[in-house]
Amino acid sequence: MESLKARSVVPSLRSRSACLLRMAEGAKLDKRAERRRIVASENFNRRGFGETKEEVQGMMVEEFTSDMVKELRENKNVIERNNVVIKLAESYGFCWGVERAVAMAYEARSFYKDDKIHITNEIIHNPGVNGRLRDMGYNFVPVKDGVKDFSEVKQGDVVVLPAFGASLEEMQLLDSKGCRIVDTTCPWVSKVWNAVDTHRRKDMTSVIHGKWAHEESIATASMADTYIIVKDMEEAKYVTNYILNGGNKEEFMAKFKNACSSGFDPDRDLKKVGIANQTTMYKEETAAIAKLFERAMLKKYGPENVNVHFMALDTICDATQERQDAINDLLRDPSVDFYLIVGGWDSSNTGHLLEIVHMNGKVGYHIDMAHRIREDGSIEHRETDGTITVTKDFLPKGKLTIGVTSGASTPDRYLQESVERVLMLKALEKDGAIA
């Protein structure tokens, strides 16, 4: 490991030339082989830094753990303070993949103390954690006119890839610069990439359930030869209707102009499809979309041929599923007055927790940081459509029961700080400071 730190390894001229030759000849790139070539480089690290693990573990315990959450866990996820009963979902907060990514980013900064260090995107969708990395001296690759500007990344620099992963094109660029790459990509995201590669080898179009502008979907799409991204059931129905009945090709392409591969032709490329997903999407919707495409292929090609035209592998993230199941369980508790959901406003998995609450007809507030709960009794929160709004006097008077949970990118400390703001308001109400 020390040798990796000490030198800026120039990438093999042979590998660079071979890549350029393939592109020049117009050969179809084997994306899986290309990814494996980059990962096998001595400049590529996805194991972390043993020398700094103990130091980083201490930092993360100090910065991210919560005495309140510990107390909740010790009391069957229920405690009472200031006339407020707090009920914590069974599964919440930092998942293993996120914790691993943040730890590796901390380790990299500690290991490469004197080197310039970049990150290609937010490490996770949490403003507090990303702010800490900026404080540590991380340079976040800037985006200009919707395109990342890698001009500040120089030969041999240290570059961290976030938990969402990076596109193959970005990996190739960094490899060509001889960068020392620290890959924190969540293994669940890599699992989706393997599914997409299976589609590619079977000449299938990858239908990706996700948001076309989301970093993870961008990375996953880059691993496919042919793809289309559908964000919800409505778009999935539009595509399956086109498969079964045809339609206006020009309208189709206008609708998915940002969400399909270059040269995509719906008349040619929807004959064989494989389902993949952005790991943070609503799991029940992903499963329903897969069933929708399966039924379309059964109807069009018959049961004897369906396996040739359709494939669905299990790529739904365990952590996403567990947090969604847990909030569904908590929603069955009739004593809860409202639900407080803590996580980045750009966090897809956190947003889906709010959607589940609203789909069940319950009141829920999604905040990214504790200060969104204000001293005047109002709360600034994100709606399911992404708009940010302020609700005045959001706390019911008197004794209160709240259900709390947090997204997979949220440290326990941030959840505690948010609940503490609610308790503060209830204390002020008792003292008569809030009418």
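Residues numbered from 1 in each chain as written. Predicted model: local features only at pLDDT ≥ 70, side-chain atom pairs only at ≥ 80, totals over all residues. Heavy atoms only, no water.

**Some words on unusual backbone geometry**
Peptide bonds are, in most cases, trans, and in most cases residues other than glycine have a negative phi. Counted only if it meets this: Each helix is a run of DSSP H or I of at least 4 residues and each strand a run of E of at least 2, with the numbering of both proceeding from the N terminus.
Positive phi is not limited to glycine here, since Asn 83 has a value of about 70 degrees. Its place among the elements puts Asn 83 in the loop between β2 (78–81) and β3 (84–88). Phi at Asp 393 is positive, roughly 45 degrees, even though this residue is not glycine.

**Quick word on the pattern of salt bridges**
In plain terms, the rule: Just to be clear on terms, a salt bridge is a Lys or Arg side-chain nitrogen sitting within 4 Å of an Asp or Glu carboxyl oxygen.
On inspection of all chains with the given rule, the structure shows 27 salt bridges. Within this structure, Asp 30, Arg 32, Asp 197, Arg 200 and Arg 201 form a network of salt bridges that share partners.

**Description of the sheet that holds strand β13 (residues 310–312)**
Note the cut-off: Should DSSP find at least two bridges between two strands, the strands are regarded as paired. Axis definition: a line fitted to C-alpha atoms, limited for helices to the stretch in contact. Angles are taken between N-to-C directions and run from 0 to 180 degrees.
Ordered in space as β11-β10-β12-β13, the four strands form an open sheet in which the pairing is parallel. On the outer flanks of this sheet lie β11 (227–230) and β13, each paired with one strand and no other. Each neighbouring strand pair of the sheet contributes to a mean axis angle of 25 degrees, computed without reference to strand direction. The pairing of strand β10 (residues 205–209) with β11 spans four bridges and is parallel. If you follow Ser 206 over to β11, its bridge partner there is Tyr 227.

**Some thoughts on the pairing of β10**
Heads up, the rule is: Under the scheme applied here, a residue whose accessible area is under 20% of the maximum for its type counts as buried, over 50% as exposed, and between as partly exposed, the area being computed with a 1.4 Å probe on protein chains only. With the strands aimed away from the viewer, a crossover counts as right-handed if its path from the first strand over the helix to the second runs clockwise.
In terms of burial, β10 is a largely internal element, five of the five residues being buried. On β10, burial covers both faces: Thr 205, Val 207 and His 209 on one face and Ser 206 and Ile 208 on the other are all buried. Across five bridges, β10 lies against strand β12 (residues 273–277) in parallel orientation. Opposite Ser 206, over in β12, you have Gly 274 as the bridge partner. Running through helix α10 (residues 215–222), the crossover from β10 to the neighbouring parallel element β11 is right-handed.

**Details of the nonpolar core**
Generally speaking, nonpolar side chains in soluble globular proteins are found buried as a group. Rule in force here: Buried Ala, Val, Leu, Ile, Met, Phe, Trp, Tyr and Cys residues form a nonpolar core when they are joined through side-chain atoms within 4.5 Å. Contacts are residue-level and defined by heavy atoms, with any inter-residue pair within 4.5 Å sufficient.
One finds Val 102, Ile 123, Leu 133, Tyr 138, Val 239 and Phe 293 to be the most contacted residues of the largest nonpolar core, which totals 85 residues. Among the elements that line this core, the one with the most residues is helix α6 (residues 96–111), at nine residues. When sequence neighbours within four positions are dropped, the list of residues in contact with Val 102 reads Met 60, Phe 64, Phe 94, Ile 124 and Val 129. Core analysis: the next-biggest nonpolar cluster, separate from the first, contains 25 residues, Ile 86, Tyr 365, Leu 395 and Val 404 among them.

**Considerations on helix α14 (residues 283–301)**
Spelled out, the test is: Residue count minus one, scaled by 1.5 Å, sets the expected span of a helix.
The end-to-end C-alpha distance of α14, which contains 19 residues, comes to 27 Å, matching closely the 27 Å that a straight helix rising 1.5 Å per residue would cover. Turning to α14, its buried residues number three or more, namely Lys 283, Glu 285, Thr 286, Ile 289, Ala 290, Leu 292, Phe 293, Ala 296, Met 297 and Tyr 301. Against the buried residues of α14 lie β10, α11 (233–245), β12, α15 (306–309), β13 and α16 (318–330). Following α14 by one or two positions, Gly 302 adopts a phi angle in the positive range, close to 90 degrees.

**Structural notes on the confidence of the model for the protein chain**
Heads up, the condition is: pLDDT is a residue-level measure of predictor confidence that goes from 0 to 100.
Confidence in the prediction for the protein chain averages 92 pLDDT; 93% of positions are at 70 or higher. Ignoring residues within four places in sequence, the model shows residues 1–26, a span with pLDDT below 50, making 33 contacts including any to other chains.

**Thoughts on the side chain of Ser 406**
For Ser 406, the position within the fold is in strand β18 (residues 400–406). Looking at Ser 406, the relative accessible area reads 0%, which means it is buried. Not counting residues up to four positions away in its chain, the partners in contact with Ser 406 are Tyr 92, Gly 93, Arg 323, Val 342, Leu 353 and Leu 415.

**A short note on the packing of aromatic side chains**
Which entries qualify depends on this criterion: Any Phe, Tyr or Trp ring, taking Trp's six-membered ring, that has another such ring centre within 6.5 Å forms a pair; planes under 30 degrees apart are called stacked, those over 60 apart edge-to-face, and the others tilted.
For the coordinates displayed, the defined rule picks out 14 aromatic pairs. Taking 5.6 Å as the distance between ring centres and 85 degrees as the angle between the ring planes, the aromatic pair formed by Phe 49 and Tyr 112 counts as edge-to-face. One end of the pair, Phe 49, is in the loop between β1 (44–45) and α4 (53–64); the other, Tyr 112, is in the loop between α6 and β4 (117–119), with 63 residues separating them in the sequence. When sorted by exposure, Phe 49 lands in the same class as Tyr 112, which is buried. Ring centres 5.8 Å apart and planes at 35 degrees place the aromatic pair Tyr 238 and Phe 252 in the tilted group. Taken as a pair, Tyr 238 in helix α11 and Phe 252 in helix α12 (residues 249–255) lie far apart in primary sequence, 14 residues in all. Phe 252 gets classed as buried once you look at its relative accessible area, which sits at 0%.

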